[in-house]
Amino acid sequence: MKIEPEVRKEINQVLDAMKEAVEAKNIEALVALVDSEPNILTVGPCPDNVGLGQNGFRRWMQALLDKATPVKFKLGFTTIKGNGPVVWLDTHVTYTCKNGENQKDFDFYLSGVMEKVTNEWRWSQMHLSAPSELEFPEGPPPSPEAEKPAEEPKATTENKAPNPEQGEDAPPEWNYM
């Protein structure tokens, strides 16, 4: 459901606070953005990055920040939908970190749910993931018939499907940048 511009502004402020806290390696500022309910689930990009409540989030986020010094946490294209005091969002994140002179960029996807609790938006569910290449099991070799080129369809003017229209770009206000 579409949200009001004021709600979008408030959510972007939470995302800005998250960006600033990551770049400053300020774990307490990050934890303050998560609801204090004990059943809040947060998931990070590493195998052991699953936590319940603020302490679970603190544990895996601290472990992630301890692996390397954060340089930049850049938010990209962001979609935000909502209903009353609940919003759900998805965004692309480029996380740049370094150890000594070695620097690396990671692409992450951040999705989750925020709730307005005591007039402030807080994460009530969060999933930060890193895309990875999927390795599928190998199957039998293709049959010789599968290797034959497909026959070209005969040109006909009857029942020809129209060219599909190009998709529209997302509205500019969806782009966080």
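Attention here is on the structure that accompanies the text. (Residues numbered from 1 in each chain as written. Predicted model: local features only at pLDDT ≥ 70, side-chain atom pairs only at ≥ 80, totals over all residues. Heavy atoms only, no water.)

Let's talk about the overall build of the protein chain
Phase 1: Looking only at helices and strands, the protein chain has three helices and six strands in total.
Phase 2: Along the protein chain, helices (α) and strands (β) appear in the sequence α-α-β-β-α-β-β-β-β when read from the amino end.
Phase 3: Taking all 177 residues of the protein chain together, the buried fraction comes to 32%.
Phase 4: Contacts spanning at least 24 positions in sequence make up 52% of the contacts within the protein chain whose residues lie at least 6 apart.
Phase 5: Here the protein chain displays about 12,300 Å² of accessible surface, and carbon together with sulfur accounts for 51% of that area. (Helix = DSSP H or I, 4+ residues; strand = E, 2+ residues; numbered from the N terminus. Buried < 20%, exposed > 50% of the residue type's maximum accessible area, 1.4 Å probe, protein only. Contact = heavy atoms within 4.5 Å. Areas by Shrake-Rupley, 256 points an atom, 1.4 Å probe, with all protein chains shown as cover.)

Considerations on empty space enclosed by the protein
Phase 1: Summed over all chains, the structure comprises one cavity of 30 Å³ or more.
Phase 2: By volume, the largest cavity amounts to about 30 Å³.
Phase 3: Each residue belonging to the lining of the largest cavity can be placed in one class, and the counts come to eight nonpolar, no polar and no charged. (1 Å grid on protein atoms, 1.4 Å probe; cavity = no way out; pocket = protein on both sides within 12 Å on 5 of 7 lines; lining within 4 Å. Points joined across faces, edges and corners; volume = space filled by probe spheres on them. Nonpolar A, V, L, I, M, F, W, Y, C, P; charged D, E, K, R; others polar.)

Digging into the pattern of salt bridges
Phase 1: This model, assessed by the stated rule, comprises four salt bridges.
Phase 2: Arg 58 is the partner of Glu 28 in a salt bridge, and the nearest nitrogen-oxygen pair spans 3.0 Å. With Glu 28 in helix α2 (residues 27-31) and Arg 58 in helix α3 (residues 53-67), the pair connects residues that are 30 residues apart, well separated along the chain.
Phase 3: Accessibility expressed as a relative area gives 25% for Arg 58, which makes it partly exposed.
Phase 4: In this structure, the salt-bridge partner of Glu 120 is Arg 122, at a minimum N-O distance of 2.2 Å.
Phase 5: According to the relative accessible area criterion, Glu 120 is partly exposed, its value standing at 41%. (Salt bridge = Lys/Arg side-chain N within 4 Å of Asp/Glu carboxyl O.)

Brief notes about the packing of aromatic side chains
Phase 1: Within this structure, the stated rule accounts for four aromatic pairs.
Phase 2: Judged by centre distance (6.3 Å) and plane angle (70°), the ring pair of Phe 73 and Tyr 95 falls under edge-to-face. On the criterion of sequence distance, the pair formed by Phe 73 in strand β3 (residues 69-83) and Tyr 95 in strand β4 (residues 86-99) is long-range, its members being 22 residues apart.
Phase 3: Owing to a relative accessible area of 3%, Phe 73 belongs among the buried residues under this scheme.
Phase 4: Classification of Tyr 95 as buried rests on a relative accessible area of 4%.
Phase 5: Between Phe 106 and Phe 108 the ring centres are 6.0 Å apart and the planes differ by 5°, which places this aromatic pair in the stacked class. (Phe/Tyr/Trp six-rings, centres within 6.5 Å; stacked < 30°, edge-to-face > 60°.)

Some points on the side chain of Glu 10
Phase 1: Mapped onto the elements, Glu 10 comes out in helix α1 (residues 5-23).
Phase 2: Those residues in contact with Glu 10, other than ones at most four positions away along the chain, are Lys 116 and Trp 121.

Side note on unusual backbone geometry
Phase 1: With phi around 45°, Thr 118 is a residue other than glycine that occupies positive phi space.
Phase 2: One can find Thr 118 in the loop between β5 (102-117) and β6 (120-129).
Phase 3: Given a relative accessible area of 72%, Thr 118 falls into the exposed group.

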